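Take a look at the letters that make up each chain.
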Amino acid sequence: MTTRRQRRPARALVLLAFGVLALLPAATVPTAEPAIGHASRTVTEAVRSDPPRFDWPLPGRPDVTRPFSAPLSPFGPGHRGIDLAAPPGTPVYAAASGVVIHAGTLAGRGVVSIDHSLLRTTYEPVEPTVTAGEQVYAGQRIGTLRRGHRGCVPACLHWGVRRGSAPPEYLNPLPLLAHTTVRLKPWPD
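Once a new chain begins, its residue numbering starts again from 1 and follows that chain's sequence as written. Given that the model is predicted, a residue must reach a pLDDT of at least 70 before its local features are reported, and side-chain atom pairs must reach 80 or more before they are shown or counted; all residues, however, enter totals for whole chains, interfaces and linings. The basis for the side-chain values is all heavy atoms of the structure; hydrogens and waters are excluded.

As annotated in an unreviewed UniProt entry, the protein chain carries the name M23 family metallopeptidase and comes from Haloechinothrix salitolerans.

As structure tokens, then:
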């Protein structure tokens with residue numbers, strides 16, 4: 001029979017293990033569960049197939065003025081990204097490394113889209129400083145924020161993330177940010 005005192009060291013070891021895992025860089029710990037039938041994949045394979053971790057595409061930690069709202073169907077209504085508050089003229093940065101697949105005007109607004117292998121990010125309205133086909137790196141300036149996003153006064157950046165293309169799956173960018181705070185809750189006695 002174990003007593004409460006005998007269980008405490010095990011509990012402390014579990015908390016210590018979680019604390020150490022939280023401090024490891026995201027690239028060394030797979031964040032997604034393996035697919036059924038792929039339980040034996042290596043850590044390298046898991047990291048390669050997990051989504052990249054993103055940085056904020058604007059300086060600092062901007063306010064979210066409109067949250068993500070997933071569409072119920074591929075062409076249904078929704079908000080396929082988030083809107084971030086910033087004044088016109090603010091530099092816009094690549095949220096992660098990738099290749100620019102579009103940098104120009106779309107529907108009357110400047111748009112930059114970057115392919116990150118598994119995911120694609122889109123930034124609008126932006127005056128691009130990059131060109132299609134260009135390799136960009138996380139934190140590299142890709143353009144300047146312009147007015148023109150509906151519902152934003154004076155301006156805001158619409159930042160979207162999607163996976164796949166036929167039909168695409170739109171994702172909330174906020175959970176993909178690399179700089180999130182991990183807090184452990186107290187263990188109940």
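Now that the structure has been shown, we can carry on.
Time to look at the overall build of the protein chain. Scanning the protein chain from N- to C-terminus turns up two helices and eleven strands. Secondary structure elements of the protein chain, listed N to C terminal, follow the sequence α-α-β-β-β-β-β-β-β-β-β-β-β. Only heavy atoms matter for contacts: two residues are in contact if any of them lie within 4.5 Å across the pair. Expressed as a percentage of contacts within the protein chain between residues at least 6 apart in sequence, the contacts between residues at least 24 apart total 58%. Surface accessibility follows the Shrake-Rupley procedure with a 1.4 Å probe radius. Residue values consider only the protein chains on display as shielding. Accessible surface, the protein chain as shown: approximately 11900 Å² in total, 59% of it carbon and sulfur. Secondary structure elements follow DSSP: runs of H or I no shorter than four residues count as helices, runs of E no shorter than two count as strands, and numbering proceeds from the N terminus.

Before going further, it helps to spend a moment on unusual backbone geometry. In the segment running from Glu124 into Pro125, the intervening peptide bond is cis, with an omega of -10°. Mapped onto the elements of the fold, Pro125 is located in the loop between strand E6 (119-124) and strand E7 (126-128). The step from Ala166 to Pro167 runs through a cis peptide bond, and the omega angle for that step is -15°. Of note, Pro167 is situated in the loop between strand E10 (156-163) and strand E11 (169-171). Phi is positive for Ala107, close to 55°, though the residue is something other than glycine. Looking at the secondary structure, you find Ala107 in the loop between strand E4 (98-106) and strand E5 (109-115).

A few words on the sheet that holds E7. Pairing between two strands is assigned when DSSP locates at least 2 bridges connecting them. Strand order in this open sheet of three strands is E3-E9-E7, and the pairing throughout is antiparallel. Each edge of the open sheet carries a strand with a single partner, namely strand E3 (91-93) and E7. Averaged over all neighbouring strand pairs, the angle between strand axes comes to 40°, with direction disregarded. Sheet topology note: the E7/strand E9 (residues 141-145) ladder contains three bridges and is antiparallel. Among the inter-strand pairings, Val126 is bridged to a residue of E9, identified as Leu145. For helices, the axis comes from a line fit to the C-alpha atoms of the stretch in contact; other axes are also lines fit to C-alpha atoms, and the angle between any two N-to-C directions lies between 0 and 180 degrees.

Our focus in this paragraph is the environment of Ala138. Along the chain, Ala138 falls in the loop between strand E8 (135-136) and E9. Between the C-alpha atom of Ala138 and that of Ser97, which follows or precedes it by 41 residues, the distance is 4.6 Å. The residues contacting Ala138, other than those within four sequence positions of it, are Asp55, Ala94, Ala95, Ala96 and Ser97.

Note: predicted coordinates in regions of low pLDDT should not be interpreted at a detailed level. Values of pLDDT, the confidence the predictor places in each residue, fall between 0 and 100. When pLDDT is averaged along the protein chain, the result is 74, and 65% of the positions lie at 70 or above. Predicted confidence is poor over residues 2-48, with pLDDT under 50, and the contacts of this stretch with residues over four places away or in other chains come to 31 contacts.

On to the packing of aromatic side chains, then. Side-chain rings of Phe, Tyr and Trp, where Trp is taken by its six-membered ring, are said to pair if the distance between their centres is within 6.5 Å; with planes under 30 degrees apart they count as stacked, over 60 as edge-to-face, and otherwise as tilted. Scanning the entire structure with this criterion turns up one aromatic pair. On the numbers, 6.0 Å between centres and 80° between planes, the contact of Phe54 with Trp159 is edge-to-face. Taken together, the residues Phe54 in the loop between helix H2 (43-49) and strand E1 (64-66) and Trp159 in strand E10 connect sequence positions 105 residues apart. In terms of burial, Phe54 and Trp159 fall into one category: buried. Any residue under 20% of the maximum accessible area for its type is buried, any over 50% is exposed, and the rest in between are partly exposed; the area is computed with a 1.4 Å probe on protein chains only.

Charged atoms that come close allow side chains of opposite charge to pair. Put simply, a salt bridge is a Lys or Arg side-chain nitrogen that is within 4 Å of an Asp or Glu carboxyl oxygen. With the rule as written, the count across this model stands at two salt bridges. For Arg109, the salt bridge goes to Glu124, with nearest N and O atoms at 2.6 Å. Of this pair, Arg109 sits in strand E5 while Glu124 sits in strand E6, placing them 15 residues apart in sequence. We note a salt bridge from Glu169 to Arg163, for which the minimum N-O separation is 3.0 Å. Take Glu169: its relative accessible area is 40%, and that puts it in the partly exposed class. Classification of Arg163 by relative accessible area gives partly exposed; the value is 36%.

Within the secondary structure layout, Leu84 lies in strand E2 (residues 82-85). Leu84 sits 26 residues away from Leu58 along the chain, and the two C-alpha atoms are 8.1 Å apart. In contact with Leu84, not counting residues within four places along its chain, are Trp56, Pro57, Leu58, Pro62, Asp63, Val64, Thr65, Cys156, Leu157 and Trp159.

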